[in-house]
Protein chains: 2
Amino acid sequence: MFKLYSYFRSSATYRVRIALNLKGLPYEVLPVHLLRNGGEQHQAAYSRLNPAQLVPALVDGDAVLSQSLAILEYLDEAHPSTPSLLPGDAIGRARVRALALTIACEIHPINNLRVLQYLKRSLNVPDNERDNWSRHWLAAGFDVLEQLLSENPATGRFCHGDSVTIADCCLVPQVFNARRINLPLDPYPTIRRIEAACLSLEAFQKAAPGAQPDAE
Amino acid sequence: MFKLYSYFRSSATYRVRIALNLKGLPYEVLPVHLLRNGGEQHQAAYSRLNPAQLVPALVDGDAVLSQSLAILEYLDEAHPSTPSLLPGDAIGRARVRALALTIACEIHPINNLRVLQYLKRSLNVPDNERDNWSRHWLAAGFDVLEQLLSENPATGRFCHGDSVTIADCCLVPQVFNARRINLPLDPYPTIRRIEAACLSLEAFQKAAPGAQPDAE
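Rules behind the numbers
- Residues numbered from 1 in each chain as written.
- Chains lettered and ligands numbered in written order.
- Predicted model: local features only at pLDDT ≥ 70, side-chain atom pairs only at ≥ 80, totals over all residues.
- Pairing = 2+ DSSP bridges.
- Helix = DSSP H or I, 4+ residues; strand = E, 2+ residues; numbered from the N terminus.
- Axes fitted to C-alpha atoms, helices over the stretch in contact; angles between N-to-C directions.
- Contact = placed C-beta atoms within 7 Å.
- Domains from an automatic or database assignment.
- Nonpolar A, V, L, I, M, F, W, Y, C, P; charged D, E, K, R; others polar.

1. Focus on the sheet that holds strand β4 (residues 63-66) of chain B
Each strand in a sheet pairs with another by means of backbone hydrogen bonds, the pair being arranged parallel or else antiparallel.
Residues and elements named next belong to chain B.
Point 1. What the four strands build is an open sheet, ordered β2-β1-β3-β4; its pairing is mixed. Edge positions in the open sheet fall to β2 (27-31) and β4, since each of these has one partner strand only. Strand-to-strand twist of the sheet, defined as the mean angle between neighbouring strand axes without regard to direction, takes the value 20°.
Point 2. Note that strand β1 (residues 2-6) and β2 share five bridges and pair parallel. Its bridge partner lying in β2, Lys3 is registered against Glu28.
Point 3. In this fold helix α1 (residues 11-23) packs onto β1, β2 and β3 (57-60), with an angle of close to 155° to the strand it touches most, β1.

Laid out in structure tokens, this is it:
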């Protein structure tokens, strides 16, 4: 049984929960509260496990895995008999990875908790300007994603064709974040359509923040 | 022949140049100047090609590939007979990808040009505090990387064993950036040792910013 160090609202962890559910792999959720006790991810017990002091971390036997996209690729390689999370052709895989990285590199890290904390504590950026910051980078990223998805015939029911891929595992948590910060989603009909298709699947429903044992 | 849309100082493009050189794949460099003319990456000719308006983009026949890590994986899959840029075992691949993503997600995007421009133009952050920002995130990321590299017996002459991987393709450009912003590198002996091993190879030397046709 896998052990997943998780925070219910962490979108990087949410990606991994979706993939584990899609693959039908059982896992134990070990909550790490990112805000309580000065941030439990900074405590010695966790930082020994994951020096980056970020969630998620996935424990598979003796191996401790970090970085959500590396974990998604690992799960897909180690359990190839379950539905694959990457398409069969190299160009398709490159497209899916680029979509996932557009979220994981260009949106998520810039709006991550520690960056927002730095803006507040070290640069004295007021709350409303921090909210503008979050919405700015999310909108910039979603503008690109909407174009990449709507203009490419390879897009299907999901981000790439009619099977769920790692791009969908990244997209749905990012849309969850967008709703939390009240980003208007009208300009993103393709993103909303794909989100709805994903959320019709039990694997996505069970991975949602509100369905977690540490949900508040 | 590949076409690589490149800016000499872009560390994401630098990663791809290293990989193309390691694989012995010929490519034509098409410079995109990120600072001139309001940023050539924003002009219609380029943004039609890559809606993200970021470098690199790699053209392989009819396919336009973006996101440097997706490109590295693509090159490795499409040209497996040349030295592989990923180890043979799933746990090793997960480690190498996590090291690469620690750079590509946790350091690079936060210090990227467009974020620094937003700090200056929208938040009026003075130059010295922007420099502190850049050094802060680079040091935070390098602290993690140094620990991951120095404490794991899988580290060899390079980030993982004695063969170059995508982790090394990401590390060397990030060290280049660190030197540019005068980050003290004394706390990172393992990173410096691996950088030196990489820079002894012609593939890395020819990919360096100073060796590019658009170098200034």
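Picking up after the structure, the text goes on.
2. A short note on the sheet that holds strand β4 (residues 63-66) of chain A
Residue and element names in this part refer to chain A.
Point 1. Ordered by their spatial adjacency, four strands build an open sheet running β2-β1-β3-β4, and the pairing between neighbours is mixed. Lying at the two open borders of the sheet, with one neighbouring strand each, are β2 (27-31) and β4. Each strand of the sheet is rotated relative to its neighbour by a mean of 20°, with strand direction disregarded.
Point 2. Here strand β1 (residues 2-6) runs beside strand β3 (residues 57-60); their pairing, made up of three bridges, is antiparallel. Along β3, the bridge assignment pairs Tyr5 with Ala57.

3. A short note on the domain arrangement of chain A
Residues and elements named next belong to chain A.
Point 1. As assigned here, chain A comprises domain 1 (2-83) and domain 2 (90-203).
Point 2. On a C-alpha basis, the centroid separation for the pair domain 1 and domain 2 is 20 Å.
Point 3. With 12 residues of domain 1 at the contact, the number on the domain 2 side is 15 residues.
Point 4. Mapped by element, the contributors of at least two residues to the side of domain 1 that touches domain 2 are α1 (11-23) and α3 (68-78).
Point 5. The biggest single contributor to the side of domain 1 that touches domain 2 is α1, with eight residues.
Point 6. In terms of residue class, the side of domain 1 that touches domain 2 is built from nine nonpolar, two polar and one charged.

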